[in-house]
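Listed below are the residues making up each chain.
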Amino acid sequence: MKDILRMENINKIYPNGVIANNNVNFSLREGEIHALVGENGAGKSTLMKILFGIEKPTDGKIFYQDEELTIDSPLDAIKYGFGMVHQHFMLVESMSVAENIVLGSEPGSSWNLDSSIQEAQAKEIIDKYHFQINVKEKISDLSIGLRQKVEILKALFKGAKILILDEPTAVLTPQETVELFEQLRILKAQGHTIIFISHKLTEIKEICDRITIMRDATNVGVYDVESVTKEEISDLMVGKSMDWNIHKTPAISGDTLLEVKDLTVLNEANIPTLKHVSFKLHRSTILGVVGIEGNGQKELVDSITGLTKADSGEILFKNELINSMSVNDIRSLGLAHIPGDRMERGIAADSSIEENMFATYTNDNKLVNKNFLKTKEINKWSNNLISEFHVKASSSNVPIKMLSGGNIQKVIVAREFTSNCDCIIANQPTRGIDIGAAKFIHKKLVELRDKNAAVLLLSADLSEIKSLSDSLLVIYNGQFVAYFEDASKVSEEELGKYMLGIEKQTELEIKRCER
Amino acid sequence: MRKLSFDSKFEIIRFSVAILIALLLSFIIILLVSDTPFLALQKLYLGPIENLRRFGNVIELAITLSFAGLSIAIIFSSNEFNLASEGAFYASGAVAAMFVLSNSLPAIISPFLSILLGGVVGAVIVTIPAVLKKKWGASELVSSLMLNFIVLYFARYFINNVFKDPSAGYNATYLLPETAKLSKIVSGTRIHSGLIILIVTVIACVLFMEKTKWGFELTQVGRNRQFAKYVGINTSAIVIMSQVLGGFIAGVGGAVETLGMYTRFQWQSLPGYGFDGVIVAILAKNKPRYVPIAAFFLAYIRIGADKMATSTDVTSEMIAIIQGIIIMLVAATAFLSNTRQKMLVKEVRNNG
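Residues numbered from 1 in each chain as written. Chains lettered and ligands numbered in written order. Predicted model: local features only at pLDDT ≥ 70, side-chain atom pairs only at ≥ 80, totals over all residues.

Bringing the overall build of chain A into the picture now. Along the backbone of chain A there are 18 helices and 22 strands. Along the three orthogonal principal directions, the C-alpha set of chain A runs to about 70 × 55 × 45 Å. The proportion of buried residues among the 515 residues of chain A is 47%. (Helix = DSSP H or I, 4+ residues; strand = E, 2+ residues; numbered from the N terminus. Buried ≥ 20, exposed ≤ 12 C-beta atoms within 10 Å, placed from the backbone.)

All right, on to the nonpolar core then. In this structure, Phe196(A), Val474(A) and Val280(B) are the most contacted members of the largest nonpolar core, which totals 250 residues. Not counting the four nearest positions on each side in its chain, Val280(B) is found in contact with Leu65(B), Ala68(B), Gly69(B), Val291(B), Ala294(B), Ala295(B) and Leu298(B). (Core = buried A, V, L, I, M, F, W, Y, C linked by C-beta atoms within 7 Å. Contact = placed C-beta atoms within 7 Å.)

All names here are of chain B. At their nearest, the axes of helix α4 (residues 85-101) and helix α6 (residues 140-162) sit 8 Å apart, and the two run at 15 degrees to each other. Considering the angle they form, α4 stands roughly parallel to α6. Between α4 and α6 the crossing geometry is left-handed. Contacts from Glu86, Gly87, Tyr90, Ala91, Ala94 and Met98 in α4 reach Leu147, Asn148, Val151, Leu152, Ala155, Phe158 and Ile159 in α6. When grouped by side-chain class, the residues that make up the contact of α4 with α6 number 10 nonpolar, 2 polar and 1 charged. (Axes fitted to C-alpha atoms, helices over the stretch in contact; angles between N-to-C directions. Parallel < 35°, antiparallel > 145°, perpendicular 65-115°, else oblique. Left-handed = near helix turned anticlockwise from the far one by under 90°. Nonpolar A, V, L, I, M, F, W, Y, C, P; charged D, E, K, R; others polar.)

The next subject is the pairing of strand β12 (residues 272-282) of chain A. Residues and elements named next belong to chain A. In this structure, strand β11 (residues 256-266) lies alongside β12, joined through 7 bridges in antiparallel fashion. Looking across to β12, one finds that valine 265 is bridged to leucine 274. Where β11 folds back on β12, the antiparallel hairpin that results is connected by 5 residues, among which asparagine 270 adopts a positive phi of roughly 65 degrees. (Pairing = 2+ DSSP bridges.)

Another aspect to go through is the sheet that holds strand β14 (residues 312-317) of chain A. Residues and elements named next belong to chain A. The 4 strands are arranged β12-β11-β14-β15 in an open sheet whose pairing can be described as antiparallel. Here the strands that pair on one side only, and so sit at the sheet edges, are β12 and β15 (320-321). The pairing of β11 with β14 spans 5 bridges and is classified as antiparallel. Among the inter-strand pairings, valine 260 is bridged to a residue of β14, identified as isoleucine 315. Docked against the sheet, helix α9 (residues 297-305) engages β11, β12 and β14, running at close to 60 degrees with respect to β12.

Residues and elements named next belong to chain B. Examined at the domain level, chain B breaks down into domain 1 (1-34 + 315-352) and domain 2 (56-313). On a C-alpha basis, the centroid separation for the pair domain 1 and domain 2 is 28 Å. Tallying the contact residues gives 10 residues for domain 1 and 11 residues for domain 2. Tallied by class, the residues present in the side of domain 1 that touches domain 2 amount to 6 nonpolar, 4 polar and no charged. (Domains from an automatic or database assignment.)

A word on the interface of chain A and chain B. Contacts between the two partners involve 31 residues from chain A, matched on the other side by 24 residues from chain B. Elements that contribute at least two residues to the side of chain A that touches chain B include exactly α10 (327-332), α11 (342-346) and β18 (372-373) of chain A. No other element matches α10(A), which puts 3 residues into the side of chain A that touches chain B.

All names here are of chain A. When cut into domains, chain A gives domain 1 (3-238), domain 2 (254-334 + 421-515) and domain 3 (345-420). Between domain 1 and domain 2, the C-alpha centre-to-centre distance is 33 Å. With 12 residues of domain 1 in contact, the opposing surface of domain 2 contributes 11 residues. Of all the secondary structure elements, the ones that give two or more residues to the side of domain 1 that touches domain 2 are α7 (201-207) and α8 (230-238). Top element by residues in the side of domain 1 that touches domain 2 is α8. It accounts for 3 residues.

Dropping the structure here:
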């Protein structure tokens, strides 16, 4: 089969200096379902935005049926026959299904919209692709699954031959996912080409023909889905397992520091993303939580750190109930947090390194005197941290956005690790950063553990989490599915099975983490 | 000297280009429409420094514009677009006048209390849209613009009914008592002691934004609210604080203007200073330390335009064009963005 679309040597440097795509090549064959995977920030969304005309590449070429295209806007992309179904739907809720489907290319006279023609045309496209949906219903009355179908129909109505689906199953129930897949197979049979962006490897194995894997702004491989295992895919996504070689003594578990009881968190659609989760975290231990991204890790971290409120359950830190405490109060109790979304939450990109470091220290008497900043001390302190944590920067006054990912992470780590904390929630602490920086962060985590602190480590990198954690929990679909008292005694293959939901320990085995 | 960051370097280039383009365009337009283009240009650009009185006018206007600019700069630092400073300017001027008319306090104490009261009135007015947004999610932009008119007509009722001087011959209050007025500090001009109040306010604002915990937190909230929440800043408190403060400064500005420049309070419509404050704040990039410079620049070209209008056949509205072009080019982040992108790509590739 020949390539219908080729993107060649795509480069994208964002205005804040971030390199999102670095010489990326991407190609599609006619009539295939092509998976595009990679961690957050790997560059897959940027690549798709370039294809759909939302972002312009810094350089690079796009060929469609061997013809070079210039795509300046989504209108151009639609004209060429590309359609995109965004993760967050772009529908007018107060209008009917038919009106939404024909929106932007309404049939008939421009002066007199005729709803019967609109409905007839919408009906035609619905029947052609065997969808089951009532054209007269209002969007606001539809379920999420049906809304997604309207989004797909909207793209098809505009003549899309290539459909880009951005994490389409993230918002769906399992039954809706099954329906969606049937629909995608029908589309494929009718000659459409589909790009399927997802984190869920099981689904990719089920529906996709080929897969492109991205990491750190580059394409790290294209495979036939049949010929790679899920484990190989996840290795490629997070970077091939390297020898972490962490020197640490066996843990001597101390008092309980953090206790989570029966925690449940719902998302905006009121679907539970974390279901009745319980565990205890002891001093002088590193407890790893491993799972494929999007299985409830973010909700777990956010509710412990006070960024979201849990819908039910209790979180006790140093025997105090912290469910409804402010972020600042929880931090003052001695909890530090390395966030998973480094650029969105971990830093203020327009602020300097110093400002980013100082942000959690505004109540520190050494640096602030009765609400007045001791600028000289702060400057000295921040420059000391820069050298202590080996941040590559000429001074602490440099805007943080000019640094590389690894150095930005070092700034975050410097801020969080020096705050006299007893408990650190480290979410993907080394994702997408160079080995040197990663090893440094690992060393620091072990040092803190040995100083009687507790670490809750979340990572998608199996070899990292296995070698760093003392004990290990596996999270799948918002629940813990396995607990290993000694993380070093479990193989990656075994972990993989739990992470993918193929296997599950008994309730009793999992409950050991509540001791 | 510290090496300029990439962004500062680029901003300087952008500002200079914007001002140059605007001046060039004004030059072309004047050449086209005027019979005496060179006289018009001379009046426009040199008029304000022809004599002391004219230069005094520039300073007088710059004082008012600085208060307005500081107010808006502090409010905009939190990324909230609350424009109630306009109404705050009017109401605090009116309240300051009514206050000094309804008592006979001695000099210094009378203007001091009056200005303080003006500040409080301003703070209350600007806080209303902030609270509406916090409680009910009402857009602060819309509610503040509407509020301005409620404030105008409410205050005007008292001015035109309760405090109206029938012998004035027009709608205005009684003459403000001499003890209440701000003294002139430069002879030959109307520059008043409000300048001193302004200098104190500017210093206070610069210290607040750059040296206090609250200013630091306000800056971070404005730059990335997600980050601010994550590090434990009480973002809603900070956002409200910035608007209370911005409102207070606008209120002080309105009272100072009334007591420094007028014999009676006679505004019958919104003075427009709140909106001028937006121009000043944009030019100053929301940094209090640059506000007086931006205000002076704006005051200078406005007084120049007045002088040009009175001496030649070019009307003073000409200045609106220059102002408009500068603001548009400075505020338009996409202006010169290709140049910026090229500079950036070079810089990123150079640094590996």
